[in-house]
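Now for the letters of each chain:
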Amino acid sequence: MVKHIILWKLKETLSPEERESVKKDIKVHLESLGGRIPGLLEITVRTDPMASSNADVMLDSTLADGEALAGYQRHPEHVKAADTYVRPYTEIRMCMDYETAR
């Protein structure tokens with residue numbers, strides 16, 4: 001299995017209301033990919049960081065293997081969600097992928 005973890009920092013130019021709306025949209029649209037992309041076993045988006053955090057949104061997903069990760073990354077539904085609800089509103093993205101026995 002492969003864990004795919006993403007941390008995003010939202011653009012500083014977003015108002016507090018925009019930030020909440022963007023976080024909600026990211027969560028709804030990325031989590032909706034569950035059950036729709038082959039090999040995507042689990043997907044959770046966290047939008048409630050503690051004050052000690054320096055990221056605004058976290059994606060925590062589990063995929064069957066490296067091939068499933070590659071398929072997820074180029075899947076049209078994932079690309080559409082990322083291009084529409086994530087990339088326009090984020091300024092920093094960090095990713096960590098790793099293999100796990102589960």
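This one's a predicted model, so the numbers in the text were calculated from it and none came from an experiment.

Calculation criteria
- Residues numbered from 1 in each chain as written.
- Predicted model: local features only at pLDDT ≥ 70, side-chain atom pairs only at ≥ 80, totals over all residues.
- Heavy atoms only, no water.
- Helix = DSSP H or I, 4+ residues; strand = E, 2+ residues; numbered from the N terminus.
- Rg over C-alpha atoms; globule rule 2.2 N^0.38 Å.
- Contact = heavy atoms within 4.5 Å.
- Areas by Shrake-Rupley, 256 points an atom, 1.4 Å probe, with all protein chains shown as cover.
- Buried < 20%, exposed > 50% of the residue type's maximum accessible area, 1.4 Å probe, protein only.
- Pairing = 2+ DSSP bridges.
- Core = buried A, V, L, I, M, F, W, Y, C linked by side-chain atoms within 4.5 Å.
- Polar contact = N/O pair within 3.5 Å; in protein donor to acceptor, adjacent residues only side chain to side chain.

### Let's talk about the overall build of the protein chain
Thought 1: From N to C terminus, the protein chain includes 3 helices and 4 strands.
Thought 2: Put simply, the protein chain runs from its N terminus to its C terminus through helices and strands in the order β-α-β-β-α-α-β.
Thought 3: Taken over C-alpha atoms, the radius of gyration comes to 13 Å for the protein chain, in line with the 13 Å a tight globule of 102 residues would show.
Thought 4: Dimensions of the protein chain, computed from the C-alpha atoms along their principal axes, are close to 40 × 30 × 20 Å.
Thought 5: Long-range contacts, defined as pairs at least 24 residues apart, comprise 68% of the intrachain contacts of the protein chain with a sequence gap of at least 6.
Thought 6: Of the roughly 6,200 Å² of accessible surface on the protein chain, 52% is carried by carbon and sulfur atoms.

### Describing the pairing of strand β1 (residues 2-10)
Thought 1: For β1, the tally of buried residues reaches 7 of 9 residues, placing the bulk of the element in the interior.
Thought 2: In the sheet, β1 pairs with strand β3 (residues 57-63) via 7 bridges, with the strands oriented antiparallel. Paired with I5 across the bridge in β3 is D60.
Thought 3: In this structure, β1 lies alongside strand β4 (residues 90-99), joined through 9 bridges in antiparallel fashion. Residue pairing for β4: I6 is matched across the bridge by C95.

### Focus: the pairing of β3
Thought 1: The buried fraction of β3 amounts to 5 of the 7 residues, a majority that puts the element mostly inside the structure.
Thought 2: In this structure, strand β2 (residues 40-46) lies alongside β3, joined through 6 bridges in antiparallel fashion. When the bridges of β3 are listed, V45 appears paired with L59.

### Here's the deal with the nonpolar core
Thought 1: In terms of nonpolar packing, the biggest core is built from 21 residues, with W8, I26, L30, L40, L59 and Y72 touching the most fellow members.
Thought 2: Among the secondary structure elements, those contributing two or more residues to this core are β1, α1 (16-31), β2, β3, α2 (66-74) and α3 (76-86).
Thought 3: Per element, the largest residue contribution to this core is 4 residues, and it comes from β1.
Thought 4: Not counting chain neighbours up to four residues away, the residues in contact with Y72 comprise H4, L33, I37, L40, I43, L59, L63 and H78.

### Considerations on the side chain of T90
Thought 1: Structurally, the position occupied by T90 is in strand β4.
Thought 2: Among the polar contacts made by the side chain of T90, one reaches the main-chain carbonyl oxygen of V86 at a distance of 3.2 Å.
Thought 3: If sequence neighbours within four positions are ignored, T90 has contacts with W8, K9, L10 and K11.

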